[in-house]
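# Tertiary structure, described
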Amino acid sequence: MAVTIEELYRNYGILADAKPEDLGQHKYAYQVILDGVKGGPKEKRLAAQFIPKFFSSFPELADAAINAQLDLCEDEDVSIRRQAIKELPRFAAGENIVRVADILTQLLQTDDSAEFSQVNTALVSIFKMDAKATLRGLFSQILQGEDIVRERAIKFLSIKLKTLPEDTMTKEVEDYVFTETKKVLEDVTGEEFVLLMRILMALKGLQTVNGRQQLVELVVEQAFLEQALNPADPDTVDRLLQCTRQALPLFSKNVHSSRFVTYFCDHVLPNLSTLTSPVAELDIQQEVLKLLAEMSPFCGDMEKVEANLLMLFEKLLEFMPLPPEAEGENGENTMSEEPKLQFSYVECLLFSFHQLGKKLPDFLIDKINAERLKDFKIRLQYFARGLQVYIRQLRVALQGKTGDALKTDENKIKVVALKITNNINVLIKDLFHNPPSYKSTVTLSWRPVQKAEAVALKRPSGEEMGTGSTMKKLLSPPLPRRNARQIYNPPSGKYSATIGNFTNEQRGGFRGGRGRGFGGRGGRSRGRIY
């Protein structure tokens, strides 16, 4: 026979009126309250409140009490579930904390937003009781739980850990997070990898040079830098991109990018044209070159600096064409089609070459023969001529524009295009010094500026004003995606070119499931495993 409301109140009264030392004598009264989970909605709501209140007084009924509360956490009535979840932290004492944390972690799979919020609140509350024990429960589910539970537990940690006070996140707790996260990293998807790195980067103990170096080592393991790159496999390419992006903010003058830069020069640049993009809209060549450029200032001592410079030199030759032939053997005009100048690619390659050149400043003089150096300078000169045309046209187009006028999509593209061309111009001038110089400093065009500034522009000449009518051809139509990369197209003609892909927003994610690193994970059984 089901327990009634009256019986629940009567037995609650017995327990509430008893002296603390006499509570153990009223085991039957507590059992009646436990049986309340088998009643109707009202009985269940009362049981959800009464069970945890006297839980600690009946250790011999601990398992039965927790299981009864769990039954309420899975009730069909969402209000009963919320009440039961709200009370769960009251069971978190001693050895039970790990179990309660494990249970709450599994409950993260709920699709009810209010219930999900309640679970989050309960988890945070037991974190403050015993952070390490709570983490044991969370990581148990991350390592062994269902995929949806694992995913939400990792997201919970990535959001909540950084909000906990220092007296909760002690060194012992942070060390435990680091140790367990390394275990999880052995079997992750791309999205999980990013979130786990976010967790680790937020740990106070890893903010030191030694800590950042440890994080770089973790990323190196995930990137498989000891293996050759398969350019035709989008998953392999994506793994490298994701790992490099996670490593980038860790690099500094004391934490070096040498292994990544060397890997890019050894395995990526030789296969640049055959790389398979993991995302359809992503310009994979541009993405790779941008990552290389951003890493290049942080190279330490490099065993293969000459080989790396030679590879960058070869790639620059590919993207910096010779001027077209103007006349044939009999003097007739045989002007061939003008080559396109890939300004965005060249900015990245020149910047990387310029950074590594500081480590071997005599490279162009001692390591490149006179014939090739002459050829290189002809290409530089031709490229520089094209630059001057576009720089003048862009300055005319942006003349006098400030504030909101510079914030239109069209003018944003022009501003970035002007940055690209100015950067290349500065770097080319350095290389034309005799001997070549590597002293100039430029900020890569896609790097964010600290504050909006008006573009300082000279007054256009009459000749430059005449080019204004062609500026409509400088811009391609905006792409449909809000954060999609936008392409700047200079006018067709003598210096036809494409300056493109300057935004840094659109990034690809890993494909497929999990495995060693980012491979495939097997499925898991579903159902309650408390």
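If you're wondering where the values come from, they're calculated on a predicted model, not measured in any experiment.

Calculation criteria
- Residues numbered from 1 in each chain as written.
- Predicted model: local features only at pLDDT ≥ 70, side-chain atom pairs only at ≥ 80, totals over all residues.
- Heavy atoms only, no water.
- Helix = DSSP H or I, 4+ residues; strand = E, 2+ residues; numbered from the N terminus.
- Buried < 20%, exposed > 50% of the residue type's maximum accessible area, 1.4 Å probe, protein only.
- Contact = heavy atoms within 4.5 Å.
- Areas by Shrake-Rupley, 256 points an atom, 1.4 Å probe, with all protein chains shown as cover.
- Phe/Tyr/Trp six-rings, centres within 6.5 Å; stacked < 30°, edge-to-face > 60°.
- Lys NZ or Arg CZ within 6 Å of the ring centre and 35° of its normal.
- Expected span 1.5 Å × (residues − 1).
- Salt bridge = Lys/Arg side-chain N within 4 Å of Asp/Glu carboxyl O.
- Axes fitted to C-alpha atoms, helices over the stretch in contact; angles between N-to-C directions.
- Parallel < 35°, antiparallel > 145°, perpendicular 65-115°, else oblique.
- Nonpolar A, V, L, I, M, F, W, Y, C, P; charged D, E, K, R; others polar.
- Left-handed = near helix turned anticlockwise from the far one by under 90°.
- Core = buried A, V, L, I, M, F, W, Y, C linked by side-chain atoms within 4.5 Å.
- pLDDT = per-residue confidence, 0-100.

## Quick look at the overall build of the protein
- On a plain count of helices and strands, the protein comes out with 21 helices and two strands.
- The buried share of the protein, taken over its 530 residues, is 51%.
- Sequence-distant contacts, at least 24 apart, represent 73% of the contacts inside the protein between residues at least 6 apart.
- About 25,400 Å² of surface is accessible on the protein, with carbon and sulfur atoms providing 48% of the total.

## Re unusual backbone geometry
- For the peptide bond that leads from Asn434 to Pro435, omega is 0°, which places it in the cis range.
- Counting through the fold element by element, Pro435 comes out in the loop between helix H20 (409-431) and helix H21 (462-465).
- Its identity is not glycine, yet Phe224 carries a phi of approximately 55°, on the positive side.
- Within the secondary structure, Phe224 is located in the loop between helix H12 (209-223) and helix H13 (234-247).

## A look at the packing of aromatic side chains
- With the rule as written, the count across this model stands at 14 aromatic pairs.
- For the pair Phe251 and Phe260, a centre-to-centre distance of 5.8 Å together with 65° between the ring planes defines the contact as edge-to-face. By the burial criterion, Phe251 is buried, and Phe260 matches it.
- Of note, Arg239 hangs over the ring of Phe224, and the distance from its end group to the ring centre comes to 4.2 Å.

## Re helix H15 (residues 284-295)
- An ideal rise of 1.5 Å per residue puts 16 Å on twelve residues; H15 measures up with 17 Å between its terminal C-alpha atoms.
- Within H15, twelve of the twelve residues are buried, which leaves the element mostly enclosed by the surrounding structure.
- Ile284, Gln285, Gln286, Glu287, Val288, Leu289, Lys290, Leu291, Leu292, Ala293, Glu294 and Met295 are the residues of H15 that are buried.

## Quick word on the pattern of salt bridges
- Applying the stated criterion to the full structure yields 24 salt bridges.
- Residue Lys155 is joined to Glu151 by a salt bridge in which the shortest nitrogen-to-oxygen separation is 3.3 Å. One end of the pair, Lys155, and the other, Glu151, are both in helix H9 (residues 147-160), four residues apart, so they sit about a helical turn from each other.
- With relative accessibility at 30%, the residue Lys155 sits in the partly exposed group.

## With respect to the packing of helix H8 (residues 131-144) against helix H10 (residues 171-184)
- It is the contact of H8 with H10, at a shortest axis distance of 10 Å, that shows an interaxial angle of 5°. The angle between H8 and H10 places the two elements in the roughly parallel class. Seen from H8, the contacting residues are Ala131, Lys132, Leu135, Arg136, Phe139, Ile142 and Leu143; seen from H10, they are Glu172, Val173, Tyr176, Val177, Glu180, Thr181, Lys183 and Val184.
- Its residues placed into classes, the contact of H8 with H10 shows nine nonpolar, one polar and five charged.

## As for the environment of Val3
- Among the secondary structure elements, Val3 is positioned in the segment before helix H1 (5-17).
- Residue class for Val3 comes out buried when judged on its relative accessible area of 10%.
- Taking C-alpha positions, Val3 is 7.1 Å from Val32, a pair spaced 29 residues apart along the chain.

## Some details on H9
- Between its first and last C-alpha, H9 extends 20 Å over 14 residues, near the 20 Å set by a 1.5 Å rise per residue.
- When we look at burial in H9, the residues that qualify are Val149, Arg150, Ala153, Ile154, Phe156, Leu157 and Ser158.
- In the core, the buried residues of H9 are packed alongside helix H6 (96-106), helix H7 (113-127), H8, H10 and helix H11 (190-201).

## Details of the environment of Pro321
- Along the chain, Pro321 turns up in the loop between helix H16 (305-319) and helix H17 (343-357).
- Sequence separation of Pro321 and Phe376 is 55 residues, and the distance between their C-alpha atoms is 9.3 Å.
- Pro321 has contacts with Pro339, Lys340, Leu341, Arg379, Tyr382 and Phe383, leaving out every residue within four places of it along the chain.

## Structural notes on the environment of Asp362
- Tracing the backbone shows Asp362 in the loop between H17 and helix H18 (363-367).
- In sequence terms Asp362 and Ser437 are 75 residues apart; their C-alpha atoms lie 9.4 Å from each other.

## Quick word on the packing of H13 against helix H14 (residues 258-268)
- Look at H13 against H14: their axes get within 12 Å of each other, and the N-to-C directions meet at 155°. Put simply, H13 runs roughly antiparallel to H14. H13 and H14 meet at a crossing whose hand is left-handed. Taking contact as the criterion, the partners of Leu240, Cys243, Thr244 and Ala247 in H13 are, on H14, Phe260, Tyr263, Phe264 and Val268.
- Partitioned by chemical class, the residues of the contact of H13 with H14 number seven nonpolar, one polar and no charged.

## Structural notes on the nonpolar core
- Tyr30, Ile51, Leu104, Leu157, Phe353 and Leu364 are the most contacted members of the largest nonpolar core, which totals 158 residues.
- Considering every element that reaches this core, the biggest residue donor is helix H19 (residues 370-398), with eleven residues.
- Not counting residues within four places of it along the chain, the set of residues in contact with Leu364 comprises Phe313, Phe353, Leu373, Phe376, Leu431, Pro436 and Tyr438.

## Side note on the side chain of Gln246
- Looking at where Gln246 falls in the secondary structure, it is placed in helix H13.
- Residues in contact with Gln246, not counting those within four places in the same chain, are Phe193, Val194, Met197, Met201 and Val219.

## Brief notes about the confidence of the model for the protein
- On average, residues of the protein score 83 in pLDDT, and 82% of them are at 70 or above.
- Counting interchain partners and residues more than four positions distant, the pLDDT-below-50 stretch residues 450-516 has 181 contacts.

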